[in-house]
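Coordinates in review
The primary structure of each chain is shown beneath.
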Amino acid sequence: MADSKREIERKYEATAETRLPDLSRVTGVSSVVHQGVGELDAVYYDTEDLRLAAASITLRRRTGGDDAGWHLKLPVASGIRDELREPLSDTLPRSLAGLVRSRVRDGALVPVVRLRTARDVHRLTGADGSSLAEVSVDTVRAERLIGGEAGRQPGRGGTAVWTEIEVELADGTDPALLDAVEKRLRKAGVRPSAAPSKAARALAETDPGDGRGTGDGRGTEDARAARRATPPSSREDTARQEAVETVPGVRKDEAREGTAPGTRQDAGPVTAGDHVLAYLRAQAEEIVALDPAVRRDLPDSVHRMRVATRRFRSALRTYRRILDRGVTDPIGDELKWLAAELGIDRDQEVLDARLRAALDTLPRTLVLGPVRARLQIWSGAGRGGSRSRTVAVLDGDRYLTLLNRLDALLADPPLRSAAAHAPGRALPRAVLKEYGRLAARVGHALELPPGHDRNLALHDARKAAKRARYAAEAAGPALGRPARRFASRMKAVQTLLGDHQDSVVARDALRNLAVQAHAAGEQGFTWGLLHGREEATAEEEERQLPAVWERAARPKVRRALGG
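Here goes a summary of the coordinates provided. (Residues numbered from 1 in each chain as written. Predicted model: local features only at pLDDT ≥ 70, side-chain atom pairs only at ≥ 80, totals over all residues. Heavy atoms only, no water.)

A few words on the overall build of the protein. Check the secondary structure of the protein and you find 18 helices and eight strands. Summing over all exposed atoms, the protein offers an accessible surface of approximately 25,900 Å²; the carbon and sulfur share of this is 49%. (Helix = DSSP H or I, 4+ residues; strand = E, 2+ residues; numbered from the N terminus. Areas by Shrake-Rupley, 256 points an atom, 1.4 Å probe, with all protein chains shown as cover.)

As a further point, take unusual backbone geometry. At S56, a position not held by glycine, the phi torsion is positive, near 60 degrees. Structurally, S56 is set in the loop between α1 (51-54) and β3 (58-63). Since its relative accessible area comes to 40%, S56 is described here as partly exposed. Of note, the phi angle at D297 is positive, near 60 degrees, even though the residue is not glycine. Here D297 lies in the loop between α9 (272-295) and α10 (301-318). (Buried < 20%, exposed > 50% of the residue type's maximum accessible area, 1.4 Å probe, protein only.)

Glancing now at the nonpolar core. Core analysis: the largest hydrophobic core is formed by 69 residues, its most contacted members being L280, Y319, I322, L427 and F486. Once residues lying within four places of it in the same chain are set aside, the contact partners of L280 are F312, A315, L316, L323 and L410. Counting 18 residues, the second largest nonpolar core, distinct from the first, contains L23, V137, I165 and V181. (Core = buried A, V, L, I, M, F, W, Y, C linked by side-chain atoms within 4.5 Å. Contact = heavy atoms within 4.5 Å.)

What follows is about helix α17 (residues 525-552). The terminal C-alpha atoms of α17 lie 40 Å apart, and with 28 residues this matches the ideal 40 Å at 1.5 Å per residue to within 8%. Taking the largest bend as the criterion, α17 deviates by roughly 35 degrees, centred on L545, and proline P546 comes between one and four positions later. Burial in α17 covers these residues: T526, W527, L530, E534, A538, E541, E542, L545, W549 and A552. (Expected span 1.5 Å × (residues − 1). Bend = angle between axes of the 7 residues up to and from the residue.)

This part covers the environment of V100. You can see V100 is positioned in the loop between α2 (94-99) and α3 (101-104). Take V100: its relative accessible area is 1%, and that puts it in the buried class. Considering only alpha carbons, one finds V100 and I57, 43 residues apart in sequence, at a separation of 8.7 Å. Those residues in contact with V100 that sit more than four places away from it in its chain are L52, L72 and L109.

Take the packing of α9 against α10 next. With their axes 9 Å apart at the nearest point, α9 and α10 run at an angle of 155 degrees to one another. Here α9 lies roughly antiparallel to α10, going by the angle between them. Classified by chirality, the crossing of α10 by α9 is left-handed. Contacts from Y279, L280, Q283, A284, E286, I287, L290, D291, A293 and V294 of α9 reach α10 at S301, V302, R304, M305, A308, T309, R311, F312, A315 and L316. Residues of the contact of α9 with α10, tallied by class, amount to 13 nonpolar, three polar and four charged. (Axes fitted to C-alpha atoms, helices over the stretch in contact; angles between N-to-C directions. Parallel < 35°, antiparallel > 145°, perpendicular 65-115°, else oblique. Left-handed = near helix turned anticlockwise from the far one by under 90°. Nonpolar A, V, L, I, M, F, W, Y, C, P; charged D, E, K, R; others polar.)

The next subject is the sheet that holds strand β6 (residues 110-125). Ordered by their spatial adjacency, eight strands build a closed barrel running β1-β5-β4-β3-β2-β6-β7-β8, and the pairing between neighbours is antiparallel. In this sheet, neighbouring strand axes are inclined to one another by 35 degrees on average, regardless of whether the strands run parallel or antiparallel. Here β3 runs beside strand β4 (residues 69-77); their pairing, made up of five bridges, is antiparallel. Looking at β4, one finds that R61 is bridged to W70. Sheet contacts for helix α5 (residues 176-187): β1 (3-14), β6, β7 (131-144) and β8 (159-169); angle to β1, the most-contacted strand, approximately 20 degrees. (Pairing = 2+ DSSP bridges.)

Moving on, we come to the pattern of salt bridges. Within this structure, the stated rule accounts for 50 salt bridges. For R119, the salt bridge goes to D138, with nearest N and O atoms at 2.8 Å. Residue R119 is found in strand β6, and its partner D138 is found in strand β7; the two are separated by 19 residues along the sequence. We note that R119, like D138, is buried. A salt bridge links E540 to R543, with the nearest nitrogen and oxygen atoms 2.7 Å apart. (Salt bridge = Lys/Arg side-chain N within 4 Å of Asp/Glu carboxyl O.)

Attention shifts here to the environment of R425. With respect to the secondary-structure elements, R425 resides in helix α14 (residues 423-447). Overall, the relative accessible area of 38% leaves R425 in the partly exposed class. In the structure, R425 is positioned 153 residues away from A272 in sequence and 8.1 Å away in space, judged by C-alpha atoms.

Let us now look at the side chain of Q494. Considering the arrangement of structural elements, one finds Q494 in helix α16 (residues 481-519). Residue classification places Q494 among the buried residues on the basis of a relative accessible area of 12%. Excluding anything up to four places from it in sequence, Q494 contacts R462, A465, K466 and R469.

The end-to-end C-alpha distance of α16 is 56 Å, a good match for the 57 Å that 39 residues give at a rise of 1.5 Å each. The positive-phi residue at the C-terminal boundary of α16 is G521, with phi of around 80 degrees.

On to the pairing of β4, then. The antiparallel hairpin formed by β3 and β4 contains five residues in its connecting segment, where G64 sits at a positive phi of about 90 degrees. Once β4 ends, the chain turns through two residues before running back antiparallel as strand β5 (residues 80-86), passing G79 with a positive phi of about 80 degrees.

Attention shifts here to the packing of aromatic side chains. The geometry of two aromatic rings is summed up by the distance between their centres and the angle between their planes. Per the stated rule, a full pass over the model turns up three aromatic pairs. Ring centres of Y45 and W70 lie 5.3 Å apart, and the angle between their planes is 45 degrees; on these two criteria the pair is classed as tilted. Here Y45 is found in strand β2 (residues 31-46), whereas its partner W70 is found in strand β4, with 25 residues between them in sequence. When the centroid spacing of 5.7 Å and the interplanar angle of 10 degrees are considered together, the rings of Y435 and W549 count as stacked. Within this pair, whereas Y435 is found in helix α14, its partner W549 is found in helix α17, the two being separated by 114 residues in sequence. Exposure remark for Y435: the relative accessible area of 10% places this residue in the buried category. One aromatic cluster in this structure is built from Y435, F486 and W549. (Phe/Tyr/Trp six-rings, centres within 6.5 Å; stacked < 30°, edge-to-face > 60°.)

The next thing to look at is a positive patch on the surface. Together, R481, R484, R485, R551, R554, K556 and R559 make up a region of like positive charge exposed at the surface. At the level of elements, α16 and α18 (555-559) are the ones that each hand at least two residues to the positive patch. Per-element tally for the positive patch: the top contributor is α16, with three residues. Within the secondary structure, R551 sits in helix α17. Among the residues examined, R551 registers a relative accessible area of 43% and is labelled partly exposed. (Patch = residues over 30% accessible without salt bridge, like charges linked within 9 Å, V, L, I, M, F, W, Y side chains within 5 Å. Lys, Arg positive; Asp, Glu negative; His and termini not counted. Charge placed at Lys NZ, Arg CZ, Asp CG, Glu CD.)

Structure, rendered in structure tokens:
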């Protein structure tokens, strides 16, 4: 796996005449050490339609400086990126290629822009001589290597020259230092850059399609290339089905309220179909964006990707009056497959954490035999196998085909007539239908005696609660507080039933561990004790269910949804 570094930096506009102010006067900075001027030469790679740039991702091969090699930068938050590095080579390392696969798909990565930078470096140090930050004045010469307008014009583009100041924190430095440095720079007349990265600025300023690639370097607007590029994960039908005024029952203020993530800012969701598609776009983008995090095994990444997959599938099933199930059902089947594959890794992760936490609560006198060692071996075997399988799934053709099918669905959605209705009519009906399914399953489970059959029924009820919750969350931007309150009540039911199911799974695992321990001649007492505790936990959760369900099932919560 590539080396990883968290990069926290800010960029500022400058000119050839700009001089740094005295930064030794910044609180916490003891001295400013001039490191000299270095020459950097970087070629940035992307698809011809700039899919990486559209996602604020940069991939480069750089020579010069003390970190020559391949660098991939993934956005984390504003001004924060994770930089992954591999040694210099002629071809793109496989580890980095995998991390951009969900964006690039079958597209070829080609050189898109070359940046040659003269970097004048100053190091800010603390009283103990430790490095706090690096401030560089960069004179950049950019040359476009593909045509303009996201690669649609043949031949090379233009060139541009500019100067900027970059302030990057050293590892472990308090981010508040950035604010203090910025205050000094602003007093000196230096202003923040509008461009998120050098590559983004280069693509914007060298694009022959906008008449600015003349080499004079004028202008500091944001990277318009990232806005022009249309990656597969964000294509959408630009033709509106109905104007706001022609949709019965839809007010203009209703259309503006609560724009969902992933929705175009120039035309927010108006109809029921608009809201469902906005929700689906957000989930599709989440799946694609989390792909690199899952490959890197970052905390909670598998869980979040699995949730996005389930939310997408659940919305397809819930809103069948809006989207033609003849088109969406096959896609739903593939989403079910992906969620199941991700679940192998996630379920093992959750189970490991539960068993370890339970073991930690026991007094030492009750831990008999090599319990922790056996748990460690069992956990490592299960986690290692599930981890490699998850990565294999993401590397497979079936997964890539699914991503393309999601894009195709969102680009040309199979809308039914109900999609043109006002969200206040169509969405509540779908949400309440999911509630009806949940109520039936909870009622059935509560009628059964404790045991295997009730456990299965409670598990089915948990899945119905999750689906009802997701339905309300999708409707939230349109229906507002009533939908959010309903989703919260459904989440409470789902959480309780989820904890119960986790206990069922944990008991099966504990029994298997006890069998293995017995076969090896080890004590089985501790495993039996943990099994008994899990059994008691499940019984308590079953006792709590009627009260939790009564609160969730109050009629006024459903009446507030309307419909």
